[in-house]
Amino acid sequence: MKTDIIHQVRELFAGADERNWQKVAVTMSDRVLLDYSSMNGNPGTLLTPVQITDMWSGFLPGFDKTIHRLSGFVVEEQGDTCTAHFKGVAEHWIGTACWVVAGTYDVTLKLADYKWLITDLVFHFEQQSGDTSLPALALERLKA
């Protein structure tokens, strides 16, 4: 079971790196608490998979590539609900310039129709490094 849970979480981030929004969407429940407040100050919000993929597809393709590295998974199962805590490091590339964001995640998943679906995705920001001007440049590139 734990391997299925870890696989589902990895699929979400792999889909984002591949810009495969359908792959991302099918990892989620019909409503997901998305919370990056520790990084951006915006409160966590309950969103649909379509809202999340619309948001991510309006930002991530501005980079030439992204690479999400996940490690140190600790999974706790409680019946049809589980939590996964892990370290995440995201590299965002434009040319040879890179912006790196690191932190930990707490993800809650619920078993539905024999499949684990993400219901909560909470990021705990630790640090960033590299070229911190790249997010603004990525947005500019998408507008052009």
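What you see as residue numbers is a count from 1 along each chain, following the sequence as written. Per-residue local features of the predicted model are confined to residues with pLDDT of at least 70, and side-chain atom pairs are confined, for both listing and counting, to 80 or more; whole-chain, interface and lining totals are unaffected and use all residues. Just so you know, side-chain values use all the structure's heavy atoms and leave hydrogens and water out.

Participant: What is the right way to look at the sheet that holds strand β3 (residues 65-78) in this model?
Facilitator: Where strands meet in a sheet, backbone hydrogen bonds hold them as pairs that are either parallel or antiparallel. Any two strands between which DSSP finds at least two bridges are classified as paired. Under the DSSP-based scheme used, a helix requires at least four consecutive residues in state H or I and a strand at least two consecutive residues in state E, with every element numbered from the N terminus. Pairing is mixed in the open sheet, where 6 strands are placed in the order β2-β1-β6-β5-β4-β3. With partners counted over all chains shown, the strands left at the sheet margins are β2 (45-47) and β3, one partner each. Shown here is a sheet whose adjacent strand axes are inclined to one another by a mean of 20 degrees, direction ignored. Bridge count between strand β4 (residues 81-94) and strand β5 (residues 97-112): 14 bridges; the pairing is antiparallel. Note that in β5 the partner of H92 across the bridge is W99. An axis is simply a line fitted to the C-alpha atoms; with a helix, the fit covers only the stretch in contact. Between two such axes, the angle follows the N-to-C directions and lies from 0 to 180 degrees.

Participant: Sorry if this is basic, but what is going on with helix α1 (residues 2-18) here?
Facilitator: At 3.6 residues per turn, the α-helix brings residues three or four places apart onto the same side. Given a rise of 1.5 Å per residue, 17 residues ought to cover 24 Å, and the 24 Å separating the end C-alpha atoms of α1 matches this to within 8%. One or two residues past the end of α1 sits R19, with phi positive at roughly 60 degrees. An expected span of 1.5 Å times one less than the residue number is assigned to each helix.

Participant: Help me understand the packing of aromatic side chains, please; the structure alone is not making it clear to me.
Facilitator: Aromatic ring pairs are described here by two measures, namely the spacing of the ring centres and the angle between the planes. Ring pairs shown here join Phe, Tyr and Trp side chains whose ring centres sit within 6.5 Å, with only the six-membered ring taken for Trp; geometry is labelled stacked below 30 degrees between planes, edge-to-face above 60, and tilted in between. Counted under the stated rule, the structure contains 9 aromatic pairs. Ring plane angle 25 degrees and centroid distance 4.6 Å describe the contact between F73 and F86, whose orientation is recorded as stacked. With F73 in strand β3 and F86 in strand β4, this pair connects stretches of sequence that are 13 residues apart. Assessed through its relative accessible area of 19%, F73 is described here as buried. Classification of F86 by relative accessible area gives buried; the value is 1%. Put simply, the rings of F13, Y36, F73, F86, Y105 and F123 pair up and form one aromatic cluster. Only protein chains enter the calculation, and the probe is 1.4 Å; a residue is then buried if its accessible area is under 20% of its type maximum, exposed if over 50%, and partly exposed in between.

Participant: Sorry, what's going on with the pattern of salt bridges here?
Facilitator: Where side chains of opposite charge bring their charged atoms close, a pairing between them can arise. When a carboxyl oxygen of Asp or Glu is within 4 Å of a side-chain nitrogen of Lys or Arg, the pair counts as a salt bridge. On inspection of all chains with the given rule, the structure shows 6 salt bridges. Across the pair K23 and E11 runs a salt bridge, and its minimum N-O distance is 3.9 Å. Remark: E11 occurs in helix α1 and K23 occurs in helix α2 (residues 21-25); sequence separation between them is 12 residues. A residue is classified by how much of its surface remains accessible, and E11, at 23% relative accessible area, is partly exposed. Two residues, D64 and R141, come together in a salt bridge whose shortest N-O distance is 2.8 Å. Of this pair, D64 sits in the loop between α4 (49-57) and β3 while R141 sits in helix α5 (residues 134-143); the two residues are 77 residues apart in sequence, bridging distant segments of the chain.

Participant: Looking at this structure, how should I read unusual backbone geometry?
Facilitator: The residue R19 is not glycine, and still its phi comes out positive at about 60 degrees. Look at Y114: it is not a glycine, yet its phi comes out positive at around 65 degrees. You can see Y114 is positioned in the loop between β5 and β6 (115-130).

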